[in-house]
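What follows is the residue order along each chain.
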Amino acid sequence: MIGICVAGATGWVGTALIPAIEEAADLELVGAVARGAASRPLVEENPAYRGELVVEATVAEALERRRPDVLIEYTAPRFAREHALGAMRRGVHVVIGTSGLDEEDFEALDTCAREHEVGCLAAGNFAISAVLLQRFAEMAARHLPTWEVIDYSDPHKPDAPSGTARELVRRVAEVARPRLDLQISDTEGYPEARGLAFHGTQVHSVRVPGFVLGVEAIFGKPDERLTLRYDAGGGAEPYVAGTLLAARSVNRIRGLARGLDAVLENAWG
């Protein structure tokens, strides 16, 4: 039985994770963290939950009460790093679904995980379709020399680019860098209108009502164009299966692994 603590237990993904953990024969929910619901019975926040856990205010308090095997982190970037580091220092494996962490954060997480001989798996998106988008984009980058990425979300999303877009661009950069026929610095007018150069790819973040989350990678060469697009709906269910797969598999990792496909292929056999 794998003991799970969920940080962000009353959030968008956390709310969907709780009943899924309860229904799994090999998982046990041993901790729930949410600052806004601290000290209240979890069942009051999530009627699908049938247990007796009380929501903790901090990850440190939850780990002190009962040490889990895995911490699942779905809070905010300003908390996620310290939550993960604190858990790993106690010998707890960590799965991070929180987006907005930067390369310095990931370096610190990898160092800590290796020092304490635990696994940390971080993904910008745990949906299987998002993983497929990354794979297809890697394939396209081997054959089409030019691409840019558009990152869509609602106006309340605080991080830009999204974790999904960042992970996609980072993965494609390991294959190749896009060709620029006109350097951004040579743009007439306002070069910033050409977007952010992230790992060599121009990324444009759109934040307007009507979007939940989407990433579009546009590849081209003379006389042809390929568009790959991922769109998330309003529910968190697509992220649940991937997150729980990561929780079941992260104990096989030492150090930091980035992206669900670090464990996905083994799960598929």
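These remarks concern the structure in this document. If you're wondering where the values come from, they're calculated on a predicted model, not measured in any experiment.

1. Focus on the side chain of R207
Then, number 1: With respect to the secondary-structure elements, R207 resides in strand β8 (residues 201-207).
Then, number 2: Here the side chain of R207 touches D151 through a polar contact of 2.8 Å, side chain to side chain.
Then, number 3: A polar contact of 3.1 Å, which involves the side chain of R207, links it to the backbone oxygen of D159.
Then, number 4: Ignoring anything within four residues of it in the chain, the contact list for R207 reads D151, Y152, S153, D154, P155, K157, D159, A160, P161 and S162.

2. Digging into the sheet that holds β8
Then, number 1: With respect to topology, 5 strands assemble into an open sheet ordered β7-β8-β6-β9-β10, the strand pairing being mixed. Both outer strands of the open sheet, β7 (196-198) and β10 (224-232), are each paired with one neighbouring strand and no more. With direction set aside, neighbouring strand axes in the sheet form an average angle of 25°.
Then, number 2: Two strands pair when backbone bridges link them, and strand β6 (residues 146-153) and β8 are joined in this way by 6 bridges, in the parallel orientation. The residue bridging S153 from the neighbouring strand is R207, located in β8.
Then, number 3: Where helix α6 (residues 128-141) meets the sheet, its contacts fall on β6, β9 (213-221) and β10, and the angle it forms with β10 comes to roughly 165°.

3. Quick word on the nonpolar core
Then, number 1: Counting 61 residues, the largest nonpolar core has I72, L121, F219 and Y239 as its most contacted members.
Then, number 2: Within the second largest apolar cluster, 24 residues are counted, among which are A80, V94, A113 and L256.

4. Observations regarding helix α1 (residues 12-23)
Then, number 1: Of the residues making up α1, those classed as buried are V13, G14, A16, L17, I18, P19, A20 and I21.
Then, number 2: Where α1 is buried, its residues touch β1 (2-7), β2 (27-33), α2 (42-45), β3 (70-73) and α8 (237-249).

5. Here we look at the sheet that holds β3
Within a sheet, neighbouring strands are paired by backbone hydrogen bonds and run either parallel or antiparallel to one another.
Then, number 1: One open sheet holds the 6 strands; their spatial order is β2-β1-β3-β4-β5-β11, and the pairing between them is parallel. Two strands close off the open sheet at either side, each with one partner strand: β2 and β11 (255-258). Neighbour-to-neighbour, the strand axes of the sheet open up by a mean angle of 20°, direction not taken into account.
Then, number 2: Its contacts with the sheet put helix α5 (residues 103-115) on β4 (93-96), β5 (119-122) and β11, and the angle it makes with β11 is roughly 135°.

6. Brief notes about the packing of aromatic side chains
Then, number 1: As enumerated under the stated definition, the model contains 4 aromatic pairs in all.
Then, number 2: The ring of Y152 is capped by R229, whose NZ or CZ atom sits 4.3 Å from the centre of that ring.

7. Comments concerning α6
Structural remark: α-helix, 3.6 residues per turn; residues separated by three or four positions point the same way.
Then, number 1: Along its 14 residues, α6 runs 20 Å from first to last C-alpha, staying within 8% of the 20 Å computed at 1.5 Å per residue.
Then, number 2: All buried positions along α6 are accounted for by A130, V131, L133, Q134, A137, E138, A140 and A141.

8. A word on the state of the cysteines
Then, number 1: As enumerated under the stated definition, the model contains 0 disulfides in all.
Then, number 2: With no disulfide of its own, C5 lies 15 Å from the sulfur of C120, the closest cysteine sulfur.

About the cut-offs
Residues numbered from 1 in each chain as written. Predicted model: local features only at pLDDT ≥ 70, side-chain atom pairs only at ≥ 80, totals over all residues. Heavy atoms only, no water. Helix = DSSP H or I, 4+ residues; strand = E, 2+ residues; numbered from the N terminus. Polar contact = N/O pair within 3.5 Å; in protein donor to acceptor, adjacent residues only side chain to side chain. Contact = heavy atoms within 4.5 Å. Pairing = 2+ DSSP bridges. Axes fitted to C-alpha atoms, helices over the stretch in contact; angles between N-to-C directions. Core = buried A, V, L, I, M, F, W, Y, C linked by side-chain atoms within 4.5 Å. Buried < 20%, exposed > 50% of the residue type's maximum accessible area, 1.4 Å probe, protein only. Phe/Tyr/Trp six-rings, centres within 6.5 Å; stacked < 30°, edge-to-face > 60°. Lys NZ or Arg CZ within 6 Å of the ring centre and 35° of its normal. Expected span 1.5 Å × (residues − 1). Disulfide = S-S within 2.5 Å.

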